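Here is what each chain is made of, one letter per residue.
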Amino acid sequence: MSSSSARSPESEQPRVAVAEAPVGGQLLQQRLALVEDLWQTVLRSECPAEQAERLLRMKQLSDPVLPDGNAVSSDALVSLIRDMDLSEAIAAARAFSLYFQLVNILEQRIEEDGYLESIVRSQDTAEQINPFAPPLATQTEPATFRELFERLRRLNVPPAQLENLLQELDIRLVFTAHPTEIVRHTIRHKQRRVASLLQQLETKSDSSAVEAGTIRLQLEEEIRLWWRTDELHQFKPSVLDEVDYALHYFQQVLFGAMPQLRRRLSSALACSYPDVQLPPSSFCTFGSWVGSDRDGNPSVTTDITWRTACYQRQLMLDRYVSAVHGLRDQLSISMQWSQVSAPLLESLEMDRLRFPEVYEERATRYRLEPYRLKLSFVLERLRLTQIRNQQLADAGWRAPADAQVAATPETPQSESLHYGSVAEFRSDLELIRTSLVSTDLTCEPLDTLLTQVHIFGFCLAGLDIRQESTRHSDALDEVSRYLNPDEAYGDLNEQERVNWLLQELQTRRPLIPPSVQWSSTTEETVDVFRTLHRLQDEFGSRICRTYVISMSHSVSDLLEVLLLAKEAGLVEPSAGHADLLVVPLFETVEDLQRAPEVMEQLFQTPLYRNLLPRVGSQGQPLQELMLGYSDSNKDSGFLSSNWEIHKAQIALQDLAARNGLALRLFHGRGGSVGRGGGPAYQAILAQPSGTLQGRIKITEQGEVLASKYSLPELALYNLETVTTAVVQNSLVTNQLDATPSWNDLMARLARCSRRHYRALVHDNPDLVAFFEQVTPIEEISKLQISSRPARRKTGTRDLSSLRAIPWVFGWTQSRFLLPSWFGVGTALHEELENDPDQMSLLRTLHQRWPFFRMLISKVEMTLSKVDLDLARHYVTSLGSADHREAFDGIYKTIAEEYSLTHRLVLEITGQERLLDADPALQLSVDLRNRTIVPLGFLQVALLRRLRDQNRQPPMSESPSDGDGRTYSRSELLRGALLTINGIAAGMRNTG
């Protein structure tokens, strides 16, 4: 087989651990024996004896060389699978899926251990700093806070410069619900339990054989329970289910991790820059598209967005109640033995008047314990806030903003006793903290809670609204046709639209008559802005301030949103005030190229510029811009997409600087390389020098959430390295991105790569049929993993309607991984044909230019996961006879491009094998290469049976000697979906 899958930069796995592991990734080999033994034990206990032995034989056949030294023949594996009935095929799919998920847990544990070791090592920075380390401007290995700050100090970076950057540090991680989370929530819980037991086993194995044996039995029991749990979602998740999935990581990990992140930053600064002021507690915050992203998802309604906001607040209130209970237990300070500040005593008197029942209940017990009494009042206000929040969730966003929530015995109509804002809650906590500090006391749990309140507030994460641009123009067209049929908005050219929009923005007259019955789409478009206004009234502007316009093409796309926002009271042009930040999302290559021109016209428009929020000590207007990796890659190929995004960033930052604006770039990265994925640290450092300036916003999608945020130390590792990368990129600049000859070379490579990619993907009339037949794309659409449809428009079967995520998912399952590398080899080959001496320059670029090194690194990693032998099996087994010649031609084109790209990447890197520079990752790749093969053959066999069933009545699916069974389509589909699950686990990536 060719190369296969891996623990991968593609799914953004931390790599600090493997860098410090025994040479060649021996740590993985050492611990793998335990996982394989557990797996075999469970199979033998849960499967019939003969079946278990056949499954283990499949695993043996997937190795490159058998114990007797003979090479493996894939024919033996195919023959074994062909003789399986459906129940055994399903058992095999489940067994290999379990195997890969156990390996994933093992590697996460190794990564977590490595991070902890790096923290310990960095305690002595004098010994830690490697004098032979590459300059920071070109270093791409992740650094901890302690390592980075010490190296900055040795570079004589002035404390004032570092402090200025830290004070304006603005890192935003946005969780999304794209259809890539294939693992059930229930299974995630079991995976965490297994991870915990593995950790316990590692710590006990050296000290107590009895305890280690007990934990080993618990592990076997947990994995057996896992085996008997259904891996597939039983129903299509609702949007609120997806909300629950995403917020799970906040509940389990991030709520506790963020204060630790701040403490580590503080400790590191104290060592190298003791006089530098810490950044604000909220230097790293979170956003979410779950429950608010409407682009192509009709399930996201205004009611869902409202309920999502209420749900997020409820989650935070629950956590705060728990934390305050803990504080009340701890702060047992008596007035007999400690002073208390006068403001705290005054607040207690006010609370006594407002909450007489609480006072009567608690005064006797806490008469001399003022902190406990104060926290009892705080708990009561939080409880009333919870009651009110639930009533608001039930009432919906259309309930009048000034309406009293239904009265209860605890909430009289005459006075609002709940917390009206998080500022009131924070004020109570700070009052307690000030009183403690005034008496030379500190309370770490209180400081932790205050940090959490600063970061998460009552809303937890800001909800970004996203909608496709034509929805706004269609709505305004309908309104304009109603008002004046002779001057319909849809009939105007771009300049006429801009003029009309600016005129309407400046008039005080409402545009949209309130009593007219609009079409359902227009009504919903308008209601979104009304909901936004209601959300901000209730939750504050922090809950929902950003509006992303997908498929942004022109100036009018942004002005349309501003006009609709003005109609809802979110924007007041005459006062230069806006409660909404309009964010264009430039996705296609043409739109990326046009973005500077569009934004310059807007920046030169006083009305637009005056509506931008002000940030920083200079009070600069802030523009957020989103760059789309997925659609530009699908449109133009990997190399062209990355180069156009790189160029756009430079041009947009130059434009912002010329206009005196601050820029926050929002990177719409997916989990896979084909959608912008890769190690976050290297990706941030590869951004054009000078474009970040301490600000970045990044999407976190699908299985990436689980791989980065399921374990506390992994989450801290990711958060710390993202922060250090932003600081490093912002402070340590280079001029490499401005080298004319390098840019000219990249422009030629991008043009050639795009031409070759589009010739296959967009211009070949048989490509869509090839993709639909030789990948499991149709079966993927039947996985119950997302509330959003796989296609943007129902009923259409062309490539343009297919979303980028299933596009990548399909190619990944069939082992082509085409979107992540195709076109690169031809571009490099053409350049070298014209001038063979360019290889020297390409090697120099790989050594010195972070952007080019990242580009080649991603291609190298993806090539290592491609398996063209297995992909060929998909083509020959699943392709229809009437397309055979065309499909053979497409496969030949892909295979030739793979060979060319593989050869030239090795020439550029100077390696003999892919990933030679990262032995641990190479080992992980090799492990998955040989073990994932049976799942591919299984998937092809099941897809053939399923598709044959779709063309004729149910038939016997037993071996030739026959057991007389007839399998339904649903049974066959279930088997196929289980192989998709297993391959996704093995690839550690979906889309």
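None of these values were measured; they are calculated from a predicted model.

1. Description of the overall build of the protein
- Looking only at helices and strands, the protein has 39 helices and 12 strands in total.
- Going through the 991 residues of the protein one by one, you find that 62% of them count as buried.
- Sequence separation of 24 or more characterises 82% of the internal contacts of the protein that already satisfy a separation of 6 or more.
- Carbon and sulfur atoms form 48% of the exposed surface of the protein, whose accessible area is close to 37,500 Å².

2. Some points on the packing of aromatic side chains
- A full pass over the atoms with the stated rule returns 37 aromatic pairs.
- An angle of 50° between the planes, with centres 6.0 Å apart, marks the rings of Phe255 and Tyr320 as tilted. With a gap of 65 residues between them, Phe255 in helix α11 (residues 239–272) and Tyr320 in helix α12 (residues 302–330) connect regions that are remote in the sequence.
- Here Tyr320 falls in the buried class, since its relative accessible area comes to 0%.
- Taking 5.7 Å as the distance between ring centres and 80° as the angle between the ring planes, the aromatic pair formed by Trp306 and Phe539 counts as edge-to-face. Taken together, the positions of Trp306 in helix α12 and Phe539 in helix α20 (residues 520–539) put the pair 233 residues apart, joining distant regions of the chain. For the pair shown, Trp306 and Phe539 are each scored as buried.
- Taken together through their ring pairs, the aromatic side chains of Phe175, Phe250, Phe255, Phe286, Tyr320, Tyr419, Phe425, Phe456, Phe458 and Tyr709 make up a single cluster.

3. Observations regarding the nonpolar core
- Ranked by size, the top nonpolar core spans 137 residues in total, and within it Met58, Phe770, Trp807, Phe816 and Ile894 carry the most contacts.
- Sort the elements by how many residues they give to this core and helix α5 (residues 86–121) lands first, with 15 residues.
- Residues in contact with Ile894, not counting those within four places in the same chain, are Leu760, Phe770, Phe816, Leu818, Trp821, Phe822 and Leu868.

4. Section: the pattern of salt bridges
- Summed over the entire model, instances satisfying the criterion amount to 60 salt bridges.
- The partner of Arg153 in a salt bridge is Glu150, and the shortest N-O contact between them spans 2.5 Å. Of the two residues, Arg153 and Glu150 both sit in helix α7 (residues 145–154), 3 residues apart, roughly one turn of that helix.
- Residue Glu150 is classed as buried on the basis of its relative accessible area, which comes to 4%.
- Measuring nitrogen to oxygen at the nearest pair gives 2.8 Å for the salt bridge that ties Asp527 to Arg398. Remark: Arg398 occurs in the loop between α15 (370–395) and α16 (422–438) and Asp527 occurs in helix α20; sequence separation between them is 129 residues.
- Taken together, the shared-partner salt bridges connect Asp170, Arg172, Asp464, Glu624, Arg664 and Lys697 into one network.

5. Concerning the packing of α7 against α11
- The contact between α7 and α11 brings their axes to 9 Å, and the two run at 30°. Taken together, the axes of α7 and α11 are roughly parallel relative to one another. Between α7 and α11 the crossing geometry is right-handed. Residue-level inspection shows Phe145, Arg146, Phe149, Glu150 and Arg153 of α7 in contact with α11, the latter providing Leu261, Arg264, Leu265, Ser267, Ala268, Leu269, Cys271 and Ser272.
- Its residues assigned to classes, the contact of α7 with α11 shows 7 nonpolar, 2 polar and 4 charged.

6. Digging into the pairing of strand β12 (residues 695–701)
- Across the 7 residues that make up β12, a large majority, 7, are buried.
- Where burial is concerned, the two faces of β12 agree: the one with Arg695, Lys697, Thr699 and Gln701 and the one with Ile696, Ile698 and Glu700 are both buried.
- As paired strands, strand β1 (residues 170–176) and β12 are joined by 7 bridges and run parallel to one another. The partner of Thr176 across the bridge, within β12, is Gln701.
- The pairing of strand β11 (residues 662–668) with β12 spans 2 bridges and is classified as parallel. Paired with Phe666 across the two strands is Lys697, which belongs to β12.

7. Digging into the pairing of strand β2 (residues 284–288)
- A large share of β2 lies buried, amounting to 5 of its 5 residues.
- Burial along β2 is two-sided: Cys284, Phe286 and Ser288 facing one way and Thr285 and Gly287 facing the other are all buried.
- When β1 meets β2, the two strands line up parallel, connected through 5 bridges. Within β2, the position partnered with Val174 by the bridge is Gly287.
- Bridging between β2 and strand β3 (residues 462–463) involves 2 bridges; their strand directions are parallel. If you follow Ser288 over to β3, its bridge partner there is Leu463.

8. Some details on the environment of Gln601
- With respect to the element layout, Gln601 can be found in helix α22 (residues 589–603).
- In this structure, the C-alpha to C-alpha distance between Gln601 and Val555, residues 46 residues apart in sequence, is 7.3 Å.
- Here Gln601 is in contact with Gln495, Val498 and Val555, once residues within four sequence places are set aside.

9. Some details on helix α18 (residues 469–483)
- In a regular helix each residue adds 1.5 Å, so 15 residues correspond to 21 Å; α18 covers 22 Å between its end C-alpha atoms and thus fits that length.
- All buried positions along α18 are accounted for by Ser469, His472, Ser473, Ala475, Leu476, Asp477, Val479 and Ser480.

10. Details of the packing of α15 against α16
- α16 packs onto α15 with a crossing angle of 170° between their chain directions and a minimal axis gap of 11 Å. On the basis of the axis angle, α15 is roughly antiparallel to α16. Across the interface between the two elements, Tyr371, Lys374, Leu375, Val378, Arg381 and Leu382 from α15 touch Glu424, Phe425, Asp428, Leu431, Ile432, Ser435 and Leu436 from α16.
- Of the residues that constitute the contact of α15 with α16, the class distribution is 8 nonpolar, 1 polar and 4 charged.

11. Quick look at helix α36 (residues 868–878)
- In terms of burial, α36 is a largely internal element, 8 of the 11 residues being buried.
- Among the residues of α36, those classed as buried are Leu868, Leu870, Ala871, His873, Tyr874, Val875, Ser877 and Leu878.

12. What about the side chain of Asn659?
- Its location among the elements puts Asn659 in the loop between α25 (638–658) and β11.
- Sequence-distant contacts of Asn659, defined by excluding residues within four places in its chain, comprise Phe603, Gln604 and Arg609.

13. Some thoughts on the environment of Arg754
- Inspection of the secondary structure puts Arg754 in helix α29 (residues 740–761).
- When its relative accessible area of 21% is taken as the criterion, Arg754 is described as partly exposed.
- For Arg754 and Ser640, which are 114 residues apart along the polypeptide, the C-alpha to C-alpha distance reads 5.7 Å.

14. Overview of the side chain of Asn389
- As for its placement among the helices and strands, Asn389 is situated in helix α15.
- On the basis of relative accessible area, Asn389 is assigned to the buried category, the value being 2%.
- Side-chain polar atoms of Asn389 contact the side chain of Gln314, separated by 3.2 Å.
- The contact partners of Asn389, leaving out residues within four places of it in the chain, are Cys310, Arg313, Gln314, Leu317 and Phe539.

15. Focus on unusual backbone geometry
- In this structure, Arg815 is a non-glycine residue whose phi angle is positive, near 75°.
- Relative to the assigned elements, Arg815 resides in the loop between α32 (804–813) and α33 (824–834).
- A positive phi angle, close to 70°, is found at Leu915, a residue other than glycine.
- Its relative accessible area of 7% is what places Leu915 among the buried residues.

What counts and how
Residues numbered from 1 in each chain as written. Predicted model: local features only at pLDDT ≥ 70, side-chain atom pairs only at ≥ 80, totals over all residues. Heavy atoms only, no water. Helix = DSSP H or I, 4+ residues; strand = E, 2+ residues; numbered from the N terminus. Buried < 20%, exposed > 50% of the residue type's maximum accessible area, 1.4 Å probe, protein only. Contact = heavy atoms within 4.5 Å. Areas by Shrake-Rupley, 256 points an atom, 1.4 Å probe, with all protein chains shown as cover. Phe/Tyr/Trp six-rings, centres within 6.5 Å; stacked < 30°, edge-to-face > 60°. Core = buried A, V, L, I, M, F, W, Y, C linked by side-chain atoms within 4.5 Å. Salt bridge = Lys/Arg side-chain N within 4 Å of Asp/Glu carboxyl O. Axes fitted to C-alpha atoms, helices over the stretch in contact; angles between N-to-C directions. Parallel < 35°, antiparallel > 145°, perpendicular 65-115°, else oblique. Left-handed = near helix turned anticlockwise from the far one by under 90°. Nonpolar A, V, L, I, M, F, W, Y, C, P; charged D, E, K, R; others polar. Pairing = 2+ DSSP bridges. Expected span 1.5 Å × (residues − 1). Polar contact = N/O pair within 3.5 Å; in protein donor to acceptor, adjacent residues only side chain to side chain.

None of this, on its own, says anything about what the molecule does.
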